[in-house]
Amino acid sequence: MKLFFLIFILIKQIITHSDDDLIKTQKEIDEEINQSVITYGSALRLENVLSKYSLYSSNMQWGTGSQMQIITAISDRSDSNSIWIIKEKHNEIMKDTGEAVKCNDIIRLEHSNTSKNLHSHNFRSWITDSQEACGFGNNGNGDDNDNFKIVCYNYSENKLKGNTQFFLQHVATGTYLYINVKTSLYDERSCRNCPIMYHREVSLTTNKDKQCLWKVYGGLIFKEKEEEQMKYLEEDN
């Protein structure tokens, strides 16, 4: 099996190559991300387009309610807890690493540091009283409530790229992952002295508006595997 080159994107840093005179600016890095095809197995950083906050989790659970792992969003674009692995839907045959993610694919997002899947269910969220988003599963194994459909904002697109804006629609309930930009902040009034102070709540809503738009802004992205190459590998197996 052929080796696949990795595109390693370092946010807020200048990437220096083996040649001392070859330096990428932040603008060039952003453009490389924007033109990259997003592929299965890649470890991604996801940004809410309107709020500019990054999807985040850590090894913390709610003390009441669902008692599931907490999902929030943060303003820090470089935190290691903001990395998510994109993979095939629950109970589907594993996608080949490097296979392109396409608009309308049903996917799961696994939190890299805790191996919990992005998940939703019929519990209410703490601040906005919306549908709760949480982390669920063990070692990446969960259930059908981990499935999200990628609904691209530009319906003429086929393959997901770094500059593609998209909705994440929860398949089981039809709701959309979002950040309420007016009322989602954890502050002294809503979460006094709590460890997620100044994070934003991530939850799900039935309203499909711009608060629900997401995009990839960085991560570890596998180079796309060409269709002919994939066909060859399948025949070889």
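Sequence order sets the numbering: in each chain, residues are counted from 1 along the sequence as written. A pLDDT threshold of at least 70 governs which residues receive local features in this predicted model, and a stricter bar of 80 or more applies before side-chain atom pairs are shown or counted, although totals over entire chains, interfaces and linings include all residues. The side-chain values count all of the structure's non-hydrogen atoms but skip hydrogen atoms and water molecules.

Chemist: Any chance you could explain the overall build of the protein here in plain terms?
Modeler: Each helix is a run of DSSP H or I of at least 4 residues and each strand a run of E of at least 2, with the numbering of both proceeding from the N terminus. Looking only at helices and strands, the protein has 2 helices and 16 strands in total. Relative to its 237 residues, the protein shows a buried fraction of 50%. Accessible surface is estimated by sampling points in the Shrake-Rupley manner with a 1.4 Å probe; for residues, cover comes only from the protein chains shown. Summed over all atoms, the accessible surface of the protein reaches about 12,400 Å², with 47% contributed by carbon and sulfur. For every residue, the accessible area (1.4 Å probe, protein chains only) is compared with the maximum for its type, and the residue is labelled buried under 20%, exposed over 50%, or partly exposed between those bounds.

Chemist: Which parts of the structure should I look at to understand unusual backbone geometry?
Modeler: Peptide bonds are trans in most cases, and residues, glycine excluded, mostly fall at negative phi. Of note, the phi angle at Asn91 is positive, near 65 degrees, even though the residue is not glycine. Even without being a glycine, Asn193 presents a positive backbone phi close to 60 degrees. Relative to the assigned elements, Asn193 resides in the loop between strand S13 (176-178) and strand S14 (200-201).

Chemist: I would appreciate a short explanation of the state of the cysteines in the present structure.
Modeler: In protein chemistry, a disulfide is the covalent bond that joins the sulfur atoms of two cysteines. For this text, the term disulfide refers to a pair of cysteine sulfurs within 2.5 Å. Across all of its chains, the model carries 2 disulfides by this definition. Here Cys191 connects covalently by a disulfide to Cys194, the sulfurs 1.8 Å from one another. Because the sign of the S-S torsion sets the handedness, a value of about 125 degrees for the bond joining Cys191 and Cys194 places this disulfide among the right-handed ones. Across the protein, the way the bonded cysteines pair up, counted in sequence order, is 1-2, 3-4.

Chemist: Which parts of the structure should I look at to understand the side chain of Thr175?
Modeler: Structurally, Thr175 can be placed in the loop between strand S12 (166-170) and S13. Polar contacts here mean pairs of N or O atoms no more than 3.5 Å apart (in protein, one a potential hydrogen donor and the other a potential acceptor; neighbouring residues in sequence count only if both atoms are side-chain atoms). Among the polar contacts listed, one links the side chain of Thr175 to the side chain of Gln131, at a separation of 3.3 Å. Not counting residues up to four positions away in its chain, the partners in contact with Thr175 are Gln131, Leu168, Gln169, His170, Leu204, Thr205 and Thr206. Whether two residues touch is decided by their heavy atoms; if any such pair falls within 4.5 Å, the residues are in contact.

Chemist: How should I be thinking about the nonpolar core in this particular structure?
Modeler: One recurring pattern in soluble globular proteins: nonpolar side chains tend to sit buried together. By size, the foremost hydrophobic cluster in this structure holds 29 residues, and its most contacted members are Leu55, Ile107, Ile150, Leu177 and Val202. Among the secondary structure elements, those contributing two or more residues to this core are strand S4 (43-48), strand S6 (69-74), strand S7 (84-88), strand S8 (106-111), strand S11 (148-152), S12 and strand S16 (213-222). Leaving out residues up to four positions away in the same chain, Val202 has contacts with Leu55, Ile71, Thr72, Ala73, Ala133, Leu177, Tyr178, Ile179 and Trp214. We call a set of buried Ala, Val, Leu, Ile, Met, Phe, Trp, Tyr and Cys residues a nonpolar core when their side-chain atoms join them within 4.5 Å. Ranked by size, the runner-up nonpolar core spans 7 residues in total, among them Phe167, Tyr176, Tyr178 and Leu213.

Chemist: Can you walk me through the environment of Ile83 in this structure?
Modeler: Within the element layout of this structure, Ile83 appears in the loop between S6 and S7. Taking the C-alpha atoms as reference points, Ile83 and Gly218, 135 residues apart in sequence, are found 9.0 Å from one another. Excluding anything up to four places from it in sequence, Ile83 contacts Ala43, Leu44, Arg45, Glu110, His111 and Ser112.

Chemist: Honestly, the pattern of salt bridges in this entry has me stumped. Any pointers?
Modeler: Where charged atoms from two side chains of opposite charge approach closely, those side chains can pair. Any Lys or Arg side-chain nitrogen found within 4 Å of a carboxyl oxygen on Asp or Glu counts as a salt bridge. This structure, assessed with the given rule, holds 8 salt bridges. One salt bridge connects Arg77 with Glu47, and the closest N-O pair in it is separated by 2.2 Å. Of the two residues, Arg77 sits in the loop between S6 and S7 while Glu47 sits in strand S4, which places them 30 residues apart along the sequence. Owing to a relative accessible area of 5%, Glu47 belongs among the buried residues under this scheme.

Purely spatial values, then, with no claim about function.
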